[in-house]
Amino acid sequence: MKKTIFTVAAVLAAMTFPAGLSAQELRPEVFGLLDLDWPGLEQVKSLHAEGRDSLAAAALLDYYRSRKDICTPEIQDVSKVKISKTQQKWADEALEHTFYVHDGYQPSFNYGKDINWQYWPVRDNELRWQLHRHKWFSPMGYAYRVSGDEKYAREWAFQYMDWIRKNPLADVTKDDYEMVSSGEIKGDAENARFAWRPLEVSHRLQDQCFQFQLFIDSPSFTPEFLTEFLVNYHRHADHILHNYSEKGNHLLFEAQRMIYAGAFFPEFKEASVWRQSGVDILNREINVQVYEDGGQFELDPHYHLATIEIFIKALQAADLNGFRDDFPQSYIDTVEKMIVFYANICFPDYTNPLFSDAKLTKKESMIANYRKWSKIFPDNMFIRYLATEGKEGALPDYLSKGFLKSGFFVFRNGWGMDALQMVVKAGPKGEWHCQPDNGTFEMWYNGRSLFQDSGSYVYAGDAEVMEWRNWFRATAHHNTLTLNDKNLETTESKTLLWQPEGDVQILVTENPGYKDLKHRRSVFFVDGKYFVIVDEAVGSVSGNNNISLHFQMPRGDVPNSREDMTFYTNFDDGSNFMFRCFGPDNMTMKKEKGWLSTAYNKKVQRMNVSFNVKKGDMPAVRYITVIYPKETAGKEPAMTAKFIKKDFSENGLKIQVKVGKEKKRTLGYEL
Ligand code: MG
C-alpha cells in the first residue's frame, strides 16, 4: 500500500466543521469527476480506492493548496492582491447580506438575514440576473487576503453553500433563460431562468477561479467544502457546455470562461473538452462577429470593447497555461484591428460615442486597457501612443477614417482635445444591442461631444422598464430622420460615397428606412471647420405623413430662433455651436423633452429638437443643415444655404452655402 502523507491542518480540517457551515457534506461523486491519474493526485486515488474518502478529500485539499503552476491572468500571485475602497465596501456590506449587484441600482439592496435569492426589488431583469453573478464574492476574497480576517472566508463559504441549496438547477429551455418563451413559469424553473442563465453561470465559472485562489488556504475552506465546490463547479461547466448561447457577445463570454475553467481545473476529466469548446467557439466566432474592418456586429462601442476584452483574456489564459498555439495569427491580427477601430471612433478624451447600448467609458480605465493591449501588440505605435497619453508611440498617418463594412465614419481635423470630430453610424443590420439609428452621429469639438447620443438607460423588464428601454432605442431620439416618428423598419445602410481627404470631405449614405420612404444623408466636412448635412427623404408616401429631422441638444443653455430655424449654445468653456436648418417653406420646429443616459439606470434631462415637414405630393423632402462649431457663445455666424439642383436626383446633388464672411461655397457630388 502507498504511504500517505497529510499536513496536520488538513487532517484537522477533515475532522471538524467550523460553526455555521454544517450544511456542507463530503460529496464522494467528486472522485468520479476528476482524473485521479493526474500527477499529484496519487494519494487521493489510493485513499479513495480504500474507501477512505474523508482522508482522500483532505489529500485533495492538500494538493490544491500546494498547487503552484496554475493561475489566472487576473491573480498571478495571491500574496500581492490589493483591494480598492469600493471593493472593501462591497465586502463589508456583503457580511450583512447587502449585495453589490448592479452599478445602476445603488445603494445596494439587502437580501435578508435568511438570504432571499429571489428578491427582486425593481423589476428590471438585469437586477435579478446579475444577483447570480455574485460580484461581491471576489471582493470578499481580496478583503480576506489583505486583512487575514477569517470572517470574510467563513461568510463567503456560508453564502456559497446557501446559494447552492436555494437555487437548484431545474429543467429550463434556452428561450426561458432569455425571457422570450411564452407562458408562465413557476417554482424552481422560474428562479432557475435567472440563476442558471448561461451568461450568469459563465460569470460565476470565471470568478470562482479567483475565489478558489483567494480562499483556498482558509480554515473555512474544508475538505468537505472543497468537494461541494468542485461538484458545483463541474455542474456549472457542464451546464454551459450543453447550453451555450446561440450567438452574440453572450456566446463569446461563455466560451472565454470555459477556457478559464478548463485551464484552471485541468484535473477534471472533461477539462480539455471545456477548454477546447471555448477555443473552437472563439476561433469560429471571431470571424462571424467581427467584420473585416474590425467592427463587432452588434455595432455598439460598449460591446465592441467588451468583446476585445474577451478575446484578450482568452489569449492571456492561453499564454499563462501553455496553449497559445490554439489561437492562429489571424485571431491576434483581428483583435488588433478591433482595437484600432475602437481608438478611431472614440474621442480625444478617451470617451466613446453612446451609440446603441453603449455607456460612457472613463479615461483611466481606457488608459489601463491600452497599456495592457500595448504589451500584447508592442509594435503598434498607435496603441502605444494612447497607452502613454502621447509620450511614446505615434498617431496614425491619416485623420478621417471610414469603416465601410460596419458603417462607422470618422471625420476629424486632428487628434488633440481641441479637434473637431464627427462619428457617423450608418451600417448594416446590427445584432441585439444595436439600435435603429442609421445615419445618426456625434460631434466632438474642443473638449466634448456636442450631439451626444441618448444612450440606452436600461435593457429589459416589466412594462415600465420596457417603456424606458423603447424611449432610448427610438429612432426619433437620435440625430437622424424619421417618418411619423416611427422606428426604422429597415436598418441596412449603403455607402454611396466616402471621400475622407481634401478640403471638402464627403460621406453619402442611404438607408431604405420605411416601406415607401428612404433616407439619403450626405455629410460635407468643409475645410476641417464645419459640417453641412443634406437629408433627402424620398418615396411615395404623401399627404399628412410627417417627415422629421431630429437633433439631440446638449444640456444647458441652448437658445433657438423659430424665425430662421437656428439653435446655438452659450457655454463659457470654448465648446459651442450654431446650427441652422434649411427646409421646405412649410417646415416647422418642435422642441420636446429629451434624455441622456451615460450609465445604466442613470439619466438626465435635455432637449430633443425636430424639424417637421408634411410630405404632401413632393417627390422628396430635402433639408440642408449647417453645423458650425466655435469657441465663442452666441448666435453667429450668419448662414445661408440652398439647393442648386432643384430636384432630388439619384445621381447626385449640388448646393450653395455661405457661412459668415466667407465666400459662397458650392458643394456637391455626382455618383
Ligand atoms: Mg442611441
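Remember, predicted model here, so these are calculated numbers, not experimental data.

### Here's the deal with the pairing of strand β10 (residues 504-514)
Then comes step 1: With 10 of its 11 residues buried, β10 lies for the most part within the structure.
Then comes step 2: Bridging between strand β9 (residues 494-499) and β10 involves five bridges; their strand directions are antiparallel. What sits directly across from Leu497, in β10, is Val508.
Then comes step 3: The antiparallel hairpin formed by β9 and β10 contains four residues in its connecting segment, where Gly502 sits at a positive phi of about 100°.
Then comes step 4: Sheet topology places β10 next to strand β11 (residues 517-526); nine bridges connect them, and they run antiparallel. Residue pairing across strands places Asn511 opposite His519, the latter belonging to β11.

### Thoughts on the confidence of the model for the protein
Then comes step 1: With 96% of its residues at a pLDDT of at least 70, the protein reaches an overall mean of 94.
Then comes step 2: Segment residues 1-6: pLDDT under 50, and 15 contacts once partners within four positions in sequence are set aside and those in other chains are kept.
Then comes step 3: The model gives residues 8-22 a pLDDT under 50, and that stretch makes 23 contacts with residues more than four places away or in other chains.

### Considerations on the sheet that holds strand β3 (residues 401-403)
Strand pairs in the sheet, formed through backbone hydrogen bonds, run parallel or antiparallel to each other.
Then comes step 1: Here five strands make up an open sheet; going across it, the order is β3-β4-β5-β6-β7 and the pairing antiparallel. Single-partner strands in this sheet number two, and they are β3 and β7 (448-449).
Then comes step 2: Against the sheet, helix α16 (residues 329-345) contacts β3, β4 (408-412) and β5 (420-425), and its axis sits at roughly 50° relative to β4.

### Section: α16
Then comes step 1: Taking 1.5 Å of rise per residue, the 17 residues of α16 would be expected to cover 24 Å, and the 25 Å separating its terminal C-alpha atoms lies within 8% of that figure.
Then comes step 2: By the criterion of burial, α16 is predominantly enclosed, with 12 of the 17 residues buried.
Then comes step 3: Residues Tyr331, Ile332, Thr334, Val335, Met338, Ile339, Val340, Phe341, Tyr342, Ala343, Asn344 and Ile345 constitute the buried set of α16.

### A look at the domain arrangement of the protein
Then comes step 1: On domain assignment, one finds that the protein holds domain 1 (8-387) and domain 2 (401-670).
Then comes step 2: Taking the mean C-alpha position of each, domain 1 and domain 2 sit 42 Å from one another.
Then comes step 3: Contacts between the two partners involve 37 residues from domain 1 and, on the opposite side, 46 residues from domain 2.
Then comes step 4: For the pair domain 1 and domain 2, the two sides together bury roughly 3,600 Å², of which 61% comes from carbon and sulfur.
Then comes step 5: There are two salt bridges connecting domain 1 and domain 2.
Then comes step 6: A salt bridge links Arg469 to Asp357; the shortest N-O distance between them is 3.1 Å.
Then comes step 7: The interface formed by domain 1 and domain 2 holds 19 residue pairs in polar contact (both at pLDDT 80 or more) in total.
Then comes step 8: When residues of the side of domain 1 that touches domain 2 are traced back to their parent elements, those giving at least two are α6 (125-131) and α16.

### Regarding the packing of aromatic side chains
Think of a pair of aromatic rings as described by two things: how far the centres are apart, and how the planes are tilted against each other in angle.
Then comes step 1: Within the structure shown, the criterion is met by 71 aromatic pairs.
Then comes step 2: On the numbers, 5.7 Å between centres and 15° between planes, the contact of Phe99 with Trp117 is stacked. Taken together, the positions of Phe99 in strand β1 (residues 98-99) and Trp117 in the loop between β2 (109-110) and α6 put the pair 18 residues apart, joining distant regions of the chain.
Then comes step 3: On the basis of relative accessible area, Phe99 is assigned to the buried category, the value being 1%.
Then comes step 4: Of the residues examined, Trp117 reaches a relative accessible area of 2% and is grouped as buried.

### Re the packing of helix α12 (residues 223-243) against helix α14 (residues 271-289)
Packed helix pairs are characterised by how far apart their axes lie and by the angle those axes make with each other.
Then comes step 1: Interaxial distance between α12 and α14 falls to 11 Å at its minimum, and their mutual angle equals 40°. Classified by the angle their axes make, α12 and α14 are oblique. Seen along the crossing, α12 lies across α14 with a hand that is left-handed. Of α14, the residues touching α12 (which contributes His234, Ala237 and Leu241) are Val273, Trp274 and Ser277.
Then comes step 2: Across the contact of α12 with α14, the residue classes break down as four nonpolar, two polar and no charged.

### As for the environment of Trp117
Then comes step 1: The spatial distance from the C-alpha of Trp117 to the C-alpha of His203 is 17 Å, given a sequence separation of 86 residues.
Then comes step 2: Not counting the four nearest positions on each side in its chain, Trp117 is found in contact with Phe99, Leu131, His132, His134, Trp136, Gln159, Asp162, Trp163, Lys166, Asn167 and Asn191.
Then comes step 3: A polar atom in the side chain of Trp117 sits 2.9 Å from the side chain of Asp162.

### Description of the sheet that holds strand β21 (residues 652-659)
Then comes step 1: The sheet built from three strands is open, its strands ordered β20-β21-β22 with antiparallel pairing. The sheet is open, and its two edges are formed by β20 (639-643) and β22 (665-670), each paired on a single side. Each strand axis lies, on average, 15° off the axis of its neighbour in the sheet, ignoring direction.
Then comes step 2: Looking at chain direction, β21 and β22 are connected through six bridges and run antiparallel. When the sheet's bridge partners are listed, Lys654 is paired in β22 with Gly668.

### Things to note about the pairing of strand β6 (residues 440-445)
Then comes step 1: Across the six residues of β6, six count as buried, placing the element largely inside the fold.
Then comes step 2: Residues of β6 alternate between two faces, with Thr440, Glu442 and Trp444 on one and Phe441, Met443 and Tyr445 on the opposite face, all of them buried.
Then comes step 3: Across two bridges, the pairing between β6 and β7 is antiparallel. By the bridge assignment, Trp444 is partnered in β7 with Ser449.
Then comes step 4: Connecting β6 to the antiparallel partner β7 that follows it, the hairpin turn spans two residues, and Asn446 within it adopts a positive phi of roughly 50°.

Thresholds applied
- Residues numbered from 1 in each chain as written.
- Predicted model: local features only at pLDDT ≥ 70, side-chain atom pairs only at ≥ 80, totals over all residues.
- Heavy atoms only, no water.
- Buried < 20%, exposed > 50% of the residue type's maximum accessible area, 1.4 Å probe, protein only.
- Helix = DSSP H or I, 4+ residues; strand = E, 2+ residues; numbered from the N terminus.
- Pairing = 2+ DSSP bridges.
- pLDDT = per-residue confidence, 0-100.
- Contact = heavy atoms within 4.5 Å.
- Axes fitted to C-alpha atoms, helices over the stretch in contact; angles between N-to-C directions.
- Expected span 1.5 Å × (residues − 1).
- Domains from an automatic or database assignment.
- Buried area = accessible area lost by both parts, 1.4 Å probe.
- Salt bridge = Lys/Arg side-chain N within 4 Å of Asp/Glu carboxyl O.
- Polar contact = N/O pair within 3.5 Å; in protein donor to acceptor, adjacent residues only side chain to side chain.
- Phe/Tyr/Trp six-rings, centres within 6.5 Å; stacked < 30°, edge-to-face > 60°.
- Parallel < 35°, antiparallel > 145°, perpendicular 65-115°, else oblique.
- Left-handed = near helix turned anticlockwise from the far one by under 90°.
- Nonpolar A, V, L, I, M, F, W, Y, C, P; charged D, E, K, R; others polar.

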